[in-house]
Amino acid sequence: MGIPANGVAGGGGSGNGAGGGRSCCDMSIKCWCKWRCEQKHHYHRFLSPFSSGFVFFLGCLVLYGSIGMFYLWLAFNKPYVRAGTGMDFSSFGCQEDNEGSWSVGVFYGDSPFSLKPIEAMNVWKNESSAWPVANPVINCASVSNAGFPSNFVADPFLYVQGDTLFLFYETKNSITMQGDIGVAKSTDKGASWQQLGIALDEDWHLSYPFVFEYLGQIYMMPESSQKGDLRLYRAVDFPLQWTLEKILIKKPLIDSFIVNHSGEYWLFGSDHSGFGAKKNGQLEIWYSNSPLGPWKPHKKNPIHNVDKSMGARNGGRPFIHDGNLYRVGQDCGETYGRRVRVFKVDVLTKDDYKEVEIPLGFEESRKGRNAWNGARYHHLDVQQLNSGEWIAVMDGDRVPSGDPTRRFILGCASITAVVAIVVLCGVLLGAVNCIIPLNWCSYYSGKRSDMPFVWERSTIFSSKLRRFCSRLNRAPLSLRGKIKPSTWAGKLVLTVLFMVGIALMCLGVKYIYGGNGAENAYPINGYYSQFTLLTMTYDARLWNLKMYVKHYSKCSSVKEIVVVWNKGIPPKSDDLDSKVPVRIRVEDQNSLNNRFKKDPMINTRGVLELDDDIMMSCDDIERGFNVWRQHPDRIVGFYPRLVWGTPLKYRPEKFARTHKGYNMILTGAAFIDAKVAFERYWSEEAKAGRQLVDKIFNCEDVLLNYLYANASSSKTVEYVRPAWTIDTSKLSGVAISRNTQDHYRIRSNCLERFSKMYGSLAVRKSKFGGRKDGWDL
């Protein structure tokens, strides 16, 4: 049969042509085959490793990838996090996941509504290097290092037995990824804890270990909703051996507790499996004349079926205060377990239930992710001790629920945006001429056969998709017509795109590999502590002080900032944006000796003397504090010097590194023992040295180094190398020592004078990298 003049085969064709108007360009069979051949050639040319577009695309991705890897190494590489640093990390535990990194803290108060964290109560524990002890007192590391791999600890419940406290908690096993019930013991009111082991381990998830006593027996009612019922266990050998007593209710109840009120026992719990139940917003009540049952449902069940932010789900043990019953609930509005709420129970009968929310009086941390409970806290158990004091345990987390997944998604989105920028740059430079080959939108790309034509029949969707691809492929010509790389405007656009790509690549790396963004404290022997940050300044450097306080008050272990005000009108504490209390100590005399003045209001053993013009990361500060807690008898700091030569001359850090040693640490950035250092500095022995400091207005830090060396025959200084530091005084022109050479000359004179008074420092040379932990590498 011949081919009509319009180029369409008659009679339907053999199925190998584009007949019947099914060709995308309405061509003859010959033209159609040619078009397919050309498209196939273009497709292979586009993917060819020798094509300009492919080479450009690959080259740009390698460049951006290299930048991202360099940023990863520069910003997040921590070679000092390894064995021997005292950081107590276990290779089997503390693996980040979407449920969070929960830990447990201890609180005290005169009532349940005046709770303060343990660090605010100034509880000291000298043998654990905790001065004072700080929350959290139990975390995944302390449990893992005791031999029980854990990803987090949460849902703490206390059981008081005389002067001994037992703490039961949920621990997520890092190997099975299942919740078990762990237990720890304290004999010092929660200042330190001994991990006893796993109290209850079933084949299903366990949490919320509500422990109580009834008729001389100790019972535990953990959440076992995964099993589909509520189970009661009895202690066979307290606290580690338990046996199943009975199944109380055959419903998958969540976070349940039992309370004795008005002659009846009441069971509160949530059943999220029921039809119409609002997750984390549902609450039901049962009653009985015995905690062993049988249990009858309340007439108004569900008592609550409200928004998840309203605190319906239980958040700990109920308590009685001044004759009133209070229930603790969870606010899960912003994220799961955002905070706890307290409700006063006004009516609890078989026919009715009413409660009203009252403020807990708990002050949330303002340090964000640098605080162990900065993002959320969802469980509280508060009890009154025999002494009349109230003690509470609360769990907390520094990140919201699902944070790792969120970071991964944002990181992938950032890297995808980088790919789009590479394509856009390739389009502007002419290296990319076809964004989407039309073959990717063909009807059928497999082997052709005599299949029904319906598989190749044009549809509205495919037509729109091909039309979109065609318009997208015309974009390169349009963009190159508007933005020409040869012009200044075009070069500016390319530069901006390149810089945006770098920023997005670094952002993507940060989200995916940078962790949760917290600069955490480092524990010693499983315990945390805090220190006082002290700086000395005057009115001309107020702008510097504001930036200083805003930055360092976020550091995890900073308890208080003391500003020694030497001259001018002092600011008010409210003028400074601080996450911790700021105390401004106004001095009568402008003297450098004021830096080491005795201050009875400082209630931490550790003090960080830090000049107001030095900026460094919180992580560097935390590392320095960790080293000082291992060597509290030394000056531990970030700026080493080497006193050497005849005659003695004051030289910069470069000289110390060239001669591979140091014997002095500048106290402009150093940790010291508040009591020891200040007493030595204001001793009668140091009087002549203080007079020289006042006379020349210099060398107070040099004097303290000599006093330490004179008081000990062992090593007296320790160096920690910071990742980075910035001297902000050079930006303002208000540096105390403007003339460097004159400053060094005065200090060299101090070295000679102090050596005659207190002996030489030269024989105390320490090598860089001399410690086993490698913190100064």
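It should be emphasised that the depicted structure is a prediction, and the values quoted were computed from it without experimental measurement.

Visitor: Just checking my understanding: could you explain the UniProt feature "transmembrane region" (unreviewed entry) in the protein for this structure?
Guide: Residues annotated by UniProt as "transmembrane region" (unreviewed entry) correspond here to residues 54-74, 408-441 and 492-513. Helix makes up 100% of residues 54-74 and strand 0%, whereas the separation of the span's terminal C-alpha atoms amounts to 30 Å. Counting secondary structure, residues 492-513 comes out at 100% helix and 0% strand; the distance between its end C-alpha atoms is 31 Å.

Visitor: Hey, could you run me through helix α2 (residues 52-76) in this one?
Guide: Each α-helix winds once per 3.6 residues, and so residues spaced three or four apart point in a common direction. With 25 residues, α2 extends 35 Å from end C-alpha to end C-alpha; this agrees with the ideal 36 Å at 1.5 Å per step. Here α2 has its buried residues at G53, F56, C60, Y64, G68 and L72. Those residues of α2 hidden inside the fold are in contact with α4 (403-429) and α6 (488-513).

Visitor: Just checking my understanding: could you explain helix α8 (residues 618-630) for this structure?
Guide: Between its terminal C-alpha atoms α8 stretches 19 Å, which fits the 18 Å expected from 13 residues at 1.5 Å a residue. Among the 13 residues of α8, twelve are classified as buried, and the element is accordingly described as predominantly covered. Here α8 has its buried residues at C618, D619, D620, I621, E622, R623, G624, F625, N626, V627, W628 and R629.

Visitor: Just checking my understanding: could you explain the packing of helix α11 (residues 687-696) against helix α14 (residues 740-758) for this structure?
Guide: The angle between the axes and the distance between the axes are what describe a pair of packed helices. Interaxial distance between α11 and α14 falls to 11 Å at its minimum, and their mutual angle equals 165 degrees. Classified by the angle between their axes, α11 and α14 sit roughly antiparallel to one another. Taken as a pair, α11 and α14 cross one another with a handedness that is right-handed. Note on element contacts: α14 touches α11 through I746, C750, R753, F754, M757 and Y758, opposite A688, G689, L692 and I696.

Visitor: Even after reading the chapter, I still don't get the state of the cysteines, so can you show me in this structure?
Guide: By definition, a disulfide is the covalent link that joins the sulfur atoms of two cysteine residues. Considering all chains together, one arrives at three disulfides under this definition. What pairs with C94 in a disulfide is C140, and their sulfur atoms sit 2.1 Å apart. On the S-S bond that ties C94 to C140, the torsion sits near 115 degrees, and the link is right-handed. Placement of the pair is C94 in the loop between α2 and β1 (103-109) and C140 in helix α3 (residues 140-145), with a sequence separation of 46 residues. One disulfide in the model links C699 with C750; its S-S distance is 2.0 Å.

Visitor: Would you mind showing me how to read the pairing of strand β25 (residues 558-565) here?
Guide: Every other side chain in a regular strand lies on the same face of the sheet, so the side chains alternate between the two faces. Of all eight residues in β25, eight are buried, a share of seventy percent or more. Note: strand β24 (residues 531-537) against β25, seven bridges, orientation parallel. Each bridged residue has a counterpart across the sheet, and for T537 the counterpart in β25 is W565. Of the crossover connections in this fold, the one passing from β24 over helix α7 (residues 542-552) to the parallel β25 is right-handed. As paired strands, β25 and strand β26 (residues 582-586) are joined by five bridges and run parallel to one another. Bridge pairing in β26 links V563 to I584.

Visitor: Sorry if this is basic, but what is going on with the side chain of N370 here?
Guide: Following the sequence through the fold, N370 ends up in the loop between β20 (353-358) and β21 (380-384). Exposure remark for N370: the relative accessible area of 8% places this residue in the buried category. Of the polar contacts made by the side chain of N370, one reaches the backbone nitrogen of E519; its length is 2.8 Å. Of the polar contacts made by the side chain of N370, one reaches the backbone oxygen of K554; its length is 2.9 Å. In this view, N370 contacts R398, G517, A518, E519, K554, C555, S556 and C618; residues no more than four positions away in its chain are not counted.

Visitor: So what exactly am I meant to see when it comes to the confidence of the model for the protein here?
Guide: Reading predicted coordinates in detail is not appropriate for stretches of low pLDDT. The pLDDT averaged across the protein works out to 86; a share of 85% of its residues lies at or above 70. Within the model, the stretch residues 1-49 combines pLDDT values under 50 with 52 contacts to residues more than four positions away or in other chains. Note on residues 81-90: pLDDT under 50 across the span, and 28 contacts to partners over four residues away in sequence or across chains.

Visitor: What exactly am I supposed to notice about the sheet that holds strand β11 (residues 241-249) here?
Guide: The strands that make up a sheet are held in pairs by hydrogen bonds between backbone atoms, and each pair lies either parallel or antiparallel. Pairing in this open sheet of four strands is antiparallel, and the strands run β8-β9-β10-β11 from one edge to the other. Two strands close off the open sheet at either side, each with one partner strand: β8 (207-214) and β11. Across the sheet, the axes of successive neighbouring strands diverge by a mean angle of 30 degrees, strand direction being ignored.

Visitor: Can you help me understand the sheet that holds β1 in this one?
Guide: Taken in spatial order, the four strands line up as β2-β1-β22-β21 in an open sheet, and their pairing is antiparallel. On the outer flanks of this sheet lie β2 (116-117) and β21, each paired with one strand and no other. Pairing analysis gives seven bridges linking β1 to strand β22 (residues 390-396), with the strands arranged antiparallel. In the sheet register, Y108 faces β22, and the bridge partner there is I391.

Visitor: Before we go on, may I ask you to explain the pattern of salt bridges in this structure?
Guide: It is possible for side chains bearing opposite charge to pair when their charged atoms get close. In the structure shown here, the tally under the stated rule is 46 salt bridges. Of the charged contacts in the structure, one is a salt bridge between R583 and E560, with a shortest N-O distance of 3.2 Å. With R583 in strand β26 and E560 in strand β25, this residue pair connects regions lying 23 residues apart in the sequence. Residue class for E560 comes out buried when judged on its relative accessible area of 14%. Between D611 and R595 there is a salt bridge, with its nearest N and O atoms 2.3 Å apart. One end of the pair, D611, is in the loop between β27 (606-610) and β28 (614-616); the other, R595, is in the loop between β26 and β27, with 16 residues separating them in the sequence. Salt bridges linked by common partners bring D331, E334, R338, R339, R341, E357 and E364 together as one network.

Visitor: Can you walk me through the pairing of strand β19 (residues 339-348) in this structure?
Guide: Most of β19 is tucked away: seven of the ten residues are buried. Bridge count between strand β18 (residues 324-331) and β19: six bridges; the pairing is antiparallel. Residue V328 lies in a different strand from β19, and its bridge partner there is V342. The sheet contact formed by β19 and β20 spans six bridges and is antiparallel. The residue bridging F343 from the neighbouring strand is E357, located in β20. Hairpin connection of β19 to β20: four residues between the antiparallel strands.

Conventions we followed
- Residues numbered from 1 in each chain as written.
- Predicted model: local features only at pLDDT ≥ 70, side-chain atom pairs only at ≥ 80, totals over all residues.
- Heavy atoms only, no water.
- UniProt positions renumbered as here; feature names shortened; annotations may be inferred.
- Helix = DSSP H or I, 4+ residues; strand = E, 2+ residues; numbered from the N terminus.
- Expected span 1.5 Å × (residues − 1).
- Buried < 20%, exposed > 50% of the residue type's maximum accessible area, 1.4 Å probe, protein only.
- Contact = heavy atoms within 4.5 Å.
- Axes fitted to C-alpha atoms, helices over the stretch in contact; angles between N-to-C directions.
- Parallel < 35°, antiparallel > 145°, perpendicular 65-115°, else oblique.
- Left-handed = near helix turned anticlockwise from the far one by under 90°.
- Disulfide = S-S within 2.5 Å.
- Pairing = 2+ DSSP bridges.
- Right-handed = clockwise from strand over helix to strand, strands pointing away.
- Polar contact = N/O pair within 3.5 Å; in protein donor to acceptor, adjacent residues only side chain to side chain.
- pLDDT = per-residue confidence, 0-100.
- Salt bridge = Lys/Arg side-chain N within 4 Å of Asp/Glu carboxyl O.

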